[in-house]
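Notes for the structure review
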Amino acid sequence: MSLLINIDASLSCWLLYTAVSWAWGIRLTLIKMNERKTINLEQGRDFMQKGITKLKNILEGLPEPQFSSEEYMMLYTTIYNMCTQKPPHDYSQQLYDKYRESFQEYITSTVLPSLREKHDEFMLRELVKRWSNHKVMVRWLSRFFYYLDRYFITHRSLPPLNEVGLACFRDLVYTEVNGKVRDAVISLIDQEREGEQIDRALLKNVLDIFVEIGMGQMECYENDFELSMLKDTAAYYSRKASNWILEVSCPDYMLKKVQNELLSVYATQLLEKEHSGCYALLRDDKVVDLSRMYRLFSKIPQGLEPISSMFKQHVTAEGTTLVKQADDAASNKKAEKRDVAGLQEQALKEAFEIFCNKGVAGSSSAELLATFCDNILKKGGSEKLSDEAIEDTLEKVVKLLAYISDKDLFAEFYRKKLARRLLFDESANDEHERSILTKLKQQCGGQFTSKMEGMVTDLALAKENQSHFEEYLSNNSNVSPGIDLTVTVLTTGFWPSYKSFDLNLPAEMVKCVEVFREFYQTKTKHRKLTWIYSLGTCNINGKFEPKTVELIVTTYQASTLLLFNLSDRLSYQEIMSQLNLSDDDVIRLLHSLSCARYKILIKEPNTKTISPTDTFEFNSKFTDKMRRIKIPLPPVDEKKKVIEDVDKDRRYAIDASIVRIMKSRKVLGYQQLVMECVEQLGRMFRPDVKAIKKRIEDLITRDYLERDKDNPNVFRYLA
Amino acid sequence: MRRGSSKKGSANSTTSTNSSAMDLFRSASGKAATKELERIDQLFYSYSNESSGIIDPEGIECLCSDLEVEHTDVRILMVAWKMHAEKQGYFTLEEWRKGLKALHADTIVKLKKALPELENEVRRPSNYVDFYSYAFRYCLTEEKQKSIDIESICELLELVLGSQFPQQVDLFIQYLKTQTDYKVINMDQWMGFYRFCNEISFPDFNNYDEDLAWPLILDNFVDWVKSKQS
């Protein structure tokens, strides 16, 4: 087998690592079986140098083929051998030094010169690129030299490879350029304050460097950047303030206008300020300030969207970096490092949680996260990303879930979207589906994912069931549905609840239902089948004048179209009464067939919306260059229903929790009760204190509890 | 106006013919007592319904007009309380006896005279809580009914607390009529409001702490008032 390994800075190398270590297992056995020849230092160094040079070439963009897995393994093995040879041939120390030297050499010969010759914004761009490359280089070289990390550095209590690599950049590059960088950044910000467009992404990347260089401590950011930033900001705003004061002394109507302008026009400036100052706020646990800022911006129409998405990205990046840093710090076994990272993580965690749980543009973060997963997991979603990238993203998503308080809401949205993916065959990759479920299970427990797993299993069983059905049909040629029929039988408990409407099926389909029903009776008599027509798909042939086109539609759409087999022209009312569906459904259906991309039906009048007075005619002239097209039916917005369902479940959960607590404690004060309730339920959602209060009162009315006669803040359990 | 009704038999008196003074006294007082009972009963029957044998809403209306109080007057409610009357709009013989005996009233005139004293008695803090909760229960007319609709609650509040805490009651009634969260009020909320009036400073609500176990409707009420004030 040969794996082609791609160097891509955005790729996490975890999968790479596993692949290599698995391959390494084979290698190891081979080595043990053969006799090892001692590698001497010169040879070893030269060999490694070849690999390092190849890496540098790739980073510089020179024409250099990617590393093959054999090359990779050879490099790794060389290091391994050289470290495990018997003295005096154990070269761990030398290799450790070599590792550091590789960076130093590269930086001094290539990186620094390229930075020195550029200025201002170009210099910033170069810096960002170089830093990014450097990180890749660190990652790769650390992999080659990995064996040192395992034993040598712990034995000698040395900094690990990762840290050494990053420190090189800090000591050589950062110390030299940070002054220039800071000035360039401040000048960029000033430009924007004056109303020019600047590259915000660049700014963000540069500021990230400041933070990352700190490697878990904010000193670099604070001392080198923030101080001057804040000074400059203060100076800028005091100038601006004096201007504003002048304007404010104008008559009233001008005042209002200015105020409006101040907020909305200068929102960008303020945003900028907050953008740079946000680290300070986050670090100092200035939750109150952050929420004040949030409130301020919520007053501007749409002022909140940019800031919250910016924050979200920012804090997400920060959070995951920190999580990783905390991981690294912990594994370093350096007590101080860990504490600092831990404290900072805590402060950031709390602020992070707050932002995670603020909604963006009307959607809760739980819903957004579920939608995000859906986009990744469905077909056409992320086909450009490699498997590893997808895995990595899913990993991040699950980690993020820990910060979301409405986990149950996420679960419900996820379940709904999963159902759609599974039933409409929109899932891109079964492996990924299972993988994220495993991750969710690990993080949130089996109960969280049991239904979803049930859904995935159901589909597998359904396939089996279908093959039995097909067998049955071939054995009983007298019962034929007349059409190719595939039925998916779902277990009710696992799937979201679906309303089943009494759709009037076309005659052809009625037969199908009958045939399947008979078959199912032969399998089991103890189950009840409820048909959910809203989830079915049909392939029908539209015999249009130009040519026949196969249409992939939902059962509802098919039923609508088949009506036109009997009559060329139908009114809205006729269609509705024939189908026996609600107005909402009929409007959606007809819209998808007459006002969307593919106009299978011609609507009169030819407006963009459906009204109950329209008439429809079969569009015999319809054609498309494809021979088979899918006509989508946009799903109903499930958001409201999901939230309703989750709210209902929460009420039950709160009730149960209160009763459980009171049953065991018998007598408990109100605040204590609330606290315990919140704790008990915390795994799935953060119960609103008012909601708990309401449930307590309901339970009092239902005679589960009563208030203590002497102290109205204390409750008693009524057996 | 009294309803015409036939006199039912008066209670038989059993007098002892013992000649001792004590006995005389006892018999005299016993006689008096019996006489009182008799009159109480007679009064009862003058208002009660012939077929059911209890005083029904019509009878109560007559009683009220004889007493020269509105039948919506709180004093009637107080009388009911004194009687421990169970069912709104009805007085049984037992209840009637209990109430009037306690009030030392065996005629309409005496009953009327007893009303101010009764009012004082009820308004005593130790009794008032009891009266207040009684008022609520008295309005639970259906079997298993646990709460009262907003409309009736507003009336009851006005009746029972209107004189004591007029401003709070007015505001609260206003709130109840505008809010949509609650369609009924239960006993816990009802009692909570009384406690609220007694404990919380008005109109600033400075000492109100919504982190305590005040009924949620009061939390919402305070929020509503505060937002109105700002």
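Values in this document were obtained by computation on a predicted structure and should not be read as measured data.

1. Quick look at the overall build of chain B
Summing up its helical and strand segments, chain B has ten helices and two strands in all. Mapped in sequence order, the helices and strands of chain B form the string α-α-α-α-α-α-β-α-α-β-α-α. Out of the 230 residues belonging to chain B, those deemed buried represent 46%. For chain B, the share of sequence-separated contacts (at least 6 apart) that also reach a separation of at least 24 residues comes to 65%. Looking at chain B as shown, the accessible area adds up to about 12,600 Å², and 51% of this sits on carbon and sulfur atoms.

2. So, the overall build of chain A
Check the secondary structure of chain A and you find 26 helices and nine strands. Contacts spanning at least 24 positions in sequence make up 71% of the contacts within chain A whose residues lie at least 6 apart. By element, 53% of the accessible surface of chain A is carried by carbon and sulfur atoms, the whole surface being about 37,800 Å².

3. Things to note about the pairing of strand E2 (residues 548-554) of chain A
All names here are of chain A. With five of its seven residues buried, E2 lies for the most part within the structure. Pairing of strand E1 (residues 537-543) with E2 involves seven bridges; the strand directions are antiparallel. What sits directly across from Asn539, in E2, is Ile552. Counted between consecutive antiparallel strands, the loop separating E1 from E2 contains four residues. Direction of pairing for E2 relative to strand E6 (residues 628-630): parallel, over a ladder of three bridges. Paired with Ile552 across the bridge in E6 is Lys630.

4. Side note on the nonpolar core
Core analysis: the largest hydrophobic core is formed by 73 residues, its most contacted members being Phe91(B), Trp96(B), Leu157(B), Leu161(B), Phe193(B), Phe196(B) and Phe221(B). Top contributing element to this core by residue count: helix H3 (residues 74-83) of chain B, with eight residues. Leaving out residues up to four positions away in the same chain, Phe196(B) has contacts with Phe205(B), Tyr208(B), Trp214(B), Leu218(B), Phe221(B) and Val222(B). Of all hydrophobic cores here, the second largest spans 61 residues; its members include Leu55(A), Leu59(A), Leu112(A) and Leu203(A).

5. Topic: the sheet that holds strand E3 (residues 569-571) of chain A
Residues and elements named next belong to chain A. The strand order across the open sheet formed by three strands is E3-E5-E4, and the pairing between neighbours is antiparallel. Taken across any chain shown, the strands that pair with only one partner, and hence form the sheet edges, are E3 and strand E4 (601-604). The average angle at which neighbouring strand axes cross in this sheet is 25 degrees, direction not considered. Of the pairings in the sheet, the one linking E3 to strand E5 (residues 615-618) comprises three bridges and is antiparallel in character. If you follow Ser571 over to E5, its bridge partner there is Thr615. Contacts from helix H23 (residues 583-594) reach E4 and E5 within the one sheet, and its direction differs from that of E4 by about 110 degrees.

6. Considering the packing of aromatic side chains
Counted under the stated rule, the structure contains 49 aromatic pairs over all chains. Arranged with centres 5.4 Å apart and planes meeting at 80 degrees, the rings of Phe44(B) and Tyr45(B) form a pair that is edge-to-face. Ring plane angle 25 degrees and centroid distance 6.3 Å describe the contact between Phe221(B) and Trp224(B), whose orientation is recorded as stacked. Of this pair, Phe221(B) and Trp224(B) both sit in helix H10 (residues 216-229), three residues apart, which is roughly one turn of that helix. Taken together through their ring pairs, the aromatic side chains of Phe172(B), Tyr175(B), Phe193(B), Phe196(B), Phe202(B), Phe205(B), Tyr208(B), Trp214(B), Phe221(B) and Trp224(B) make up a single cluster. Lying across the ring of Phe67(A), Lys54(A) places its NZ or CZ 5.3 Å from the centre.

7. So, the interface of chain B and chain A
The interface is formed by 16 residues belonging to chain B together with 13 residues belonging to chain A. At the boundary of chain B with chain A, total buried surface from both sides reaches about 1,300 Å², with 45% on carbon and sulfur atoms. When the buried surface of chain B facing chain A is broken down by residue, Asp188(B), Ala213(B) and Leu216(B) rank first, second and third, together holding 40% of it. Seen at the junction of chain B and chain A, the total is five salt bridges.

8. Quick look at the confidence of the model for chain B
Residue and element names in this part refer to chain B. Of the residues in chain B, 87% reach a pLDDT of 70 or more, and the chain-wide mean stands at 85. Taken as a whole, residues 1-18 scores under 50 in pLDDT and shows 23 contacts with residues more than four places along the chain or in a different chain. Predicted complex, confidence summary: ipTM 0.77, pTM 0.55.

9. Digging into helix H7 (residues 161-193) of chain A
All names here are of chain A. Along its 33 residues, H7 runs just 42 Å from first to last C-alpha, ending more than 12% under the 48 Å computed at 1.5 Å per residue. Of all the bends in H7, the largest measures some 55 degrees and sits at Tyr174. In the segment just after H7, Gly195 is the residue with positive phi, at about 105 degrees.

10. Side note on the sheet that holds strand E9 (residues 714-717) of chain A
Residue and element names in this part refer to chain A. Across the sheet, three strands lie side by side as E7-E9-E8; this open sheet has antiparallel pairing. In this open sheet, the two strands that pair with only one neighbour each are strand E7 (667-669) and strand E8 (705-707). Each strand axis lies, on average, 30 degrees off the axis of its neighbour in the sheet, ignoring direction. Bridge count for E8 against E9 is three bridges, and the pairing is antiparallel. From the neighbouring strand, Glu706 faces E9, where its bridge partner is Arg716.

11. What to know about the side chain of Ser92(A)
Position of Ser92(A) among the secondary structure elements: in helix H4 (residues 92-116). When near neighbours in sequence (up to four residues on either side) are disregarded, Ser92(A) contacts Met82(A), Cys83(A), Leu148(A) and Phe152(A).

12. Observations concerning the pattern of salt bridges
Should their charged atoms come close, side chains of opposite charge can pair. Residue and element names in this part refer to chain A. Tallied over the entire structure, the rule returns 56 salt bridges over all chains. For Glu391, the salt bridge identified is with Lys439, shortest N-O distance 3.0 Å. Residue Glu391 is located in helix H16 (residues 387-401), and its partner Lys439 is located in helix H18 (residues 430-444); the two are separated by 48 residues in the primary sequence. A relative accessible area of 24% means that Glu391 is categorised as partly exposed. Of the residues examined, Lys439 reaches a relative accessible area of 12% and is grouped as buried. Linking Glu604 and Arg569 is a salt bridge whose minimum nitrogen-to-oxygen distance equals 3.1 Å. You can see Glu604 sitting in strand E4 and its partner Arg569 sitting in strand E3, a full 35 residues away along the chain. Judged by its relative accessible area of 43%, Glu604 falls in the partly exposed class.

13. Observations regarding the environment of Leu176(B)
Residues and elements named next belong to chain B. Looking at where Leu176 falls in the secondary structure, it is placed in helix H8 (residues 166-178). A sequence separation of 22 residues divides Leu176 from Cys154, and the C-alpha atoms of the two residues are 7.7 Å apart. The residues contacting Leu176, other than those within four sequence positions of it, are Ile150, Ile153, Cys154, Leu157, Ile185 and Ile217.

14. What to know about the packing of helix H2 (residues 41-60) of chain A against helix H3 (residues 69-84) of chain A
All names here are of chain A. Contact geometry of H2 with H3 gives a least axis separation of 10 Å together with a crossing angle of 145 degrees. The element H2 and its partner H3 pack so that their crossing is left-handed. Here Leu41, Gly44, Arg45, Phe47, Met48, Gly51 and Lys54 of H2 lie close against H3, whose contacting residues are Glu71, Met74, Leu75, Thr78, Ile79 and Met82. Residues that form the contact of H2 with H3 fall into these classes: seven nonpolar, three polar and three charged.

15. Quick word on the environment of Ile602(A)
All names here are of chain A. Structurally, Ile602 can be placed in strand E4. In this structure the C-alpha to C-alpha distance between Ile602 and Phe616, which are 14 residues apart in sequence, comes to 5.5 Å. Contact partners of Ile602, with chain neighbours within four places excluded, come to Thr615, Phe616, Glu617 and Asn619.

How each quantity is defined
Residues numbered from 1 in each chain as written. Chains lettered and ligands numbered in written order. Predicted model: local features only at pLDDT ≥ 70, side-chain atom pairs only at ≥ 80, totals over all residues. Heavy atoms only, no water. Helix = DSSP H or I, 4+ residues; strand = E, 2+ residues; numbered from the N terminus. Buried < 20%, exposed > 50% of the residue type's maximum accessible area, 1.4 Å probe, protein only. Contact = heavy atoms within 4.5 Å. Areas by Shrake-Rupley, 256 points an atom, 1.4 Å probe, with all protein chains shown as cover. Pairing = 2+ DSSP bridges. Core = buried A, V, L, I, M, F, W, Y, C linked by side-chain atoms within 4.5 Å. Axes fitted to C-alpha atoms, helices over the stretch in contact; angles between N-to-C directions. Phe/Tyr/Trp six-rings, centres within 6.5 Å; stacked < 30°, edge-to-face > 60°. Lys NZ or Arg CZ within 6 Å of the ring centre and 35° of its normal. Buried area = accessible area lost by both parts, 1.4 Å probe. Salt bridge = Lys/Arg side-chain N within 4 Å of Asp/Glu carboxyl O. pLDDT = per-residue confidence, 0-100. Expected span 1.5 Å × (residues − 1). Bend = angle between axes of the 7 residues up to and from the residue. Left-handed = near helix turned anticlockwise from the far one by under 90°. Nonpolar A, V, L, I, M, F, W, Y, C, P; charged D, E, K, R; others polar.

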